[in-house]
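Structural description and commentary
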Amino acid sequence: MISCHYLLFYSCLLLIVGHHVANAVIRVNYGYFAEASPIRVACARGWFNTEDYQVTCYPQTSGLFVAARLDSGSLHLAELGSTPLAQALARGVDIRVVYIDQYKGESQGIYVRPSDDESGYKGIENPFDLIGKKVGVPFGSTMHYHVLFLLDIFDMTGEVDVLNLSPTEIIKAWDDKTIDAAACWGNAREHVLGGDNPGNVLVTAGVLTDWGRGTFNAVAVGRDFMNINAEFVERFVTILGLLTDSFMDNLGEFDAENAKRWIPTDDPFVSYIPSMADTFMKSGEEARNPSIESISNERRALDLFIQLSTEDQLSCDHLGGGKACGRPSHQHIAMQKTAEFLMDQNVIHSMGQLSVMGDSGIACSAPNTLCGSDIFTGSGLNHDLYSLDSWDGQAPFYALNETGRAGEGEMSTGDSICSKTTLVAKQRIQYFGDLQGENSLMGQSYSGKTRN
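Everything numeric in this text was worked out from a predicted model, so none of it was measured.

A word on the packing of helix 4 (residues 82-90) against helix 15 (residues 330-344). Packed helix pairs are characterised by how far apart their axes lie and by the angle those axes make with each other. One can describe the packing of helix 4 onto helix 15 by two numbers: an axis separation of 9 Å at closest approach and a directional angle of 80°. On the basis of the axis angle, helix 4 is roughly perpendicular to helix 15. Counted together, S82, T83, L85, A86, Q87 and L89 of helix 4 and M335, T338, A339 and L342 of helix 15 form the full contact between these two elements. Taken together, the residues of the contact of helix 4 with helix 15 break down into 6 nonpolar, 4 polar and no charged.

This part takes up the packing of aromatic side chains. Per the counting criterion, the structure on display carries 16 aromatic pairs. The interplanar angle of 15° and the centroid separation of 3.9 Å between the aromatic rings of F48 and F236 together place this pair among those described as stacked. Placement of F48 in the loop between helix 2 (40-45) and strand 2 (53-60) and of F236 in helix 10 (residues 230-248) is noted, with a sequence separation of 188 residues between them. Overall, F48 belongs to the buried group, its relative accessible area being 2%. For F236, a relative accessible area of 1% puts it in the buried group. Each member of the aromatic cluster is reached from another via a ring pair, and the members are Y30, F48, Y53, F225, F232 and F236. The positively charged end of R113 is found above the aromatic ring belonging to W174, 4.1 Å away from the centroid. The ring of Y386 carries R235 above its face, with NZ or CZ at 5.4 Å from the centroid.

This paragraph deals with the nonpolar core. Grouped together as the largest cluster of nonpolar side chains are 102 residues, with contacts concentrated most on Y30, F48 and L85. Of all the elements, helix 10 adds the most residues to this core, at 9 residues. Those residues in contact with L85, other than ones at most four positions away along the chain, are L80, I95, V97, F216, A218, M335 and F376. If you look at the next biggest cluster of nonpolar residues, it comprises 10 residues, including L165, I170, W174 and A188.

Time to look at the sheet that holds strand 9 (residues 200-204). Spatially, the 5 strands line up as an open sheet ordered 7-6-8-5-9, and their pairing is mixed. Where the open sheet ends on each side, the last strands, each with one partner, are strand 7 (161-164) and strand 9. Mean inter-strand twist for the sheet, computed between neighbouring axes without regard to direction, equals 25°. In this sheet, strand 9 lies alongside strand 5 (residues 108-112) in antiparallel orientation, the contact comprising 4 bridges. Across the sheet, residue Y111 finds its bridge partner in strand 9, namely V201.

A few words on the state of the cysteines. Two cysteines form a disulfide when their sulfur atoms are joined by a covalent bond. Inspection of every chain in the model, using the stated rule, returns 3 disulfides. Bonded cysteines in the protein chain are paired 1-2, 3-4, 5-6 when counted in the order they occur along the chain.

Cut-offs used in this document
For every chain, the first residue of the written sequence is number 1, and numbering continues from 1 onward in sequence order. Local features in this predicted model are restricted to residues whose pLDDT is 70 or higher, and side-chain atom pairs enter the listing and the counts only when it is 80 or higher, whereas totals over whole chains, interfaces and linings include all residues. Excluding hydrogens and water, the side-chain figures rest on all heavy atoms present in the structure. Note on method: axes are straight lines fitted to C-alpha atoms, helices fitted across the in-contact stretch only, with angles between N-to-C directions ranging 0 to 180 degrees. In DSSP terms, a helix is any run of H or I states spanning at least four residues, a strand is any run of E spanning at least two, and both are numbered starting from the N terminus. Oblique is the label for any angle not under 35 degrees, not over 145, and not in the 65 to 115 range, which are roughly parallel, roughly antiparallel and roughly perpendicular in turn. Here, two residues are considered to be in contact whenever any of their heavy atoms come within 4.5 Å of each other. Only Asp, Glu, Lys and Arg are considered charged, only Ala, Val, Leu, Ile, Met, Phe, Trp, Tyr, Cys and Pro nonpolar, and every remaining residue, Gly among them, polar. Between rings of Phe, Tyr and Trp, where Trp is taken as its six-membered ring, a pair exists when centres lie within 6.5 Å; planes separated by under 30 degrees are stacked, by over 60 edge-to-face, and by other angles tilted. A simple rule labels every residue: compare its accessible area, found with a 1.4 Å probe on the protein chains alone, to the largest value its type can have, and call it buried under 20%, exposed over 50%, or partly exposed in between. The rule for a charge over a ring is simple: NZ of Lys or CZ of Arg within 6 Å of the ring centre, and within 35 degrees of the ring normal. For the purposes of this section, nonpolar cores are sets of buried Ala, Val, Leu, Ile, Met, Phe, Trp, Tyr and Cys residues that join through side-chain atoms within 4.5 Å. DSSP calls a pair of strands paired once it identifies at least 2 bridges connecting them. Sulfur atoms of two cysteines make up a disulfide when they are within 2.5 Å.

The structure is reproduced here in structure tokens:
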């Protein structure tokens with residue numbers, strides 16, 4: 001028999017626990033890539049945080065890992081390229097795309113080693129010179145997709161040695177001269193084009209887009225998380241839109257303050273660029289005091305991408321497309337074309353929900369079709385909700401108080417106030433998901449089960 005004293009104690013305990021849970025800060029994990037982007041400023045300055053939500057931004061090195069982490073719940077929101085996004089959707093990962101970060105443009109490409117008369121090395125001058133050579137690229141990335149596409153259209157599939165290398169490994173392989181070409185972005189791109197052994201541009205993502213295979217970065221969120229935290233997601237996405245709109249007005253045509261916010265100055269209380277540059281934590285850089293060289297490099301890198309304004313994001317061509325417009329958006333079409341190509345290349349074995357674009361041809365009324373689904377949504381974008389003026393004058397290096405500077409060759413979002421280094425991203429060079437054996441990923445799979 002349970003005593004009344006016990007029941008009273010148990011009831012009080014439930015009230016205490018319930019009150020604690022109701023007032024607990026919700027920890028949110030956001031994954032991003034080490035590429036220049038206006039939206040990186042929000043991570044650097046802690047703008048996503050509220051009284052109820054604490055956001056930690058974790059750098060990622062592979063979109064395939066991002067998809068697996070979104071599926072397992074270890075990331076709540078994250079950026080990922082259109083290629084791993086298509087693979088994730090084909091495999092049934094339950095996510096929604098709430099923002100188009102940027103199209104790749106000139107920010108990534110295939111870079112090749114030139115001829116060297118002293119050593120007798122015959123460099124690469126055209127795509128056919130890749131035959132018999134080694135190309136390093138992170139498998140599953142947008143550049144992997146572009147490499148496969150290039151080999152396919154020039155009928156060279158199977159004649160080029162394509163190696164699965166992380167961006168960090170690409171840098172080492174390039175310096176060691178163990179690869180002849182690199183398909184990469186960000187720090188690896190900078191190193192390959194501007195290091196001690198500078199390479200040449202064979203073809204950029206922008207050109208390959210013009211040839212019919214456009215790639216972009218999107219911000220995705222787990223459906224369950226979005227359903228429970230709709231207001232937070234709206235705030236999060238709106239901040240992304242405000243920053244992108246501000247950058248697109250960097251001449252100050254609509255708001256004179258925007259011209260100041262995006263100039264490459266070392267004053268972080270005037271410009272956003274120092275905060276963004278500091279998130280990359282490059283070797284030799286001082287925390288909270290990025291060099292003017294680093295600041296200038298990141299400002300130039302911003303111009304390599306193609307941004308979309310909030311108005312464009314909400315249009316029928318992008319997040320507003322589908323059921324409301326009665327036709328597929330560019331994103332719907334890109335997802336299906338990407339999945340079809342990956343099927344042809346035996347990268348995926350089923351297109352899943354990407355197999356049917358719409359009912360009655362391409363009409364988008366049926367929810368069980370790609371363009372009739374709610375996978376892509378601009379419902380969170382509300383540019384009237386906030387203003388960038390709200391954050392002006394706040395600490396420009398907020399994220400430095402959260403995570404530690406990683407070792408050389410790795411990435412983090414800043415310096416810790418502790419004495420130890422916090423490593424927040426390190427990639428195993430393996431596949432993930434449904435594969436087994438030597439190519440299986442240690443950790444979370446799409447099924448949510450842990451692999452040995």
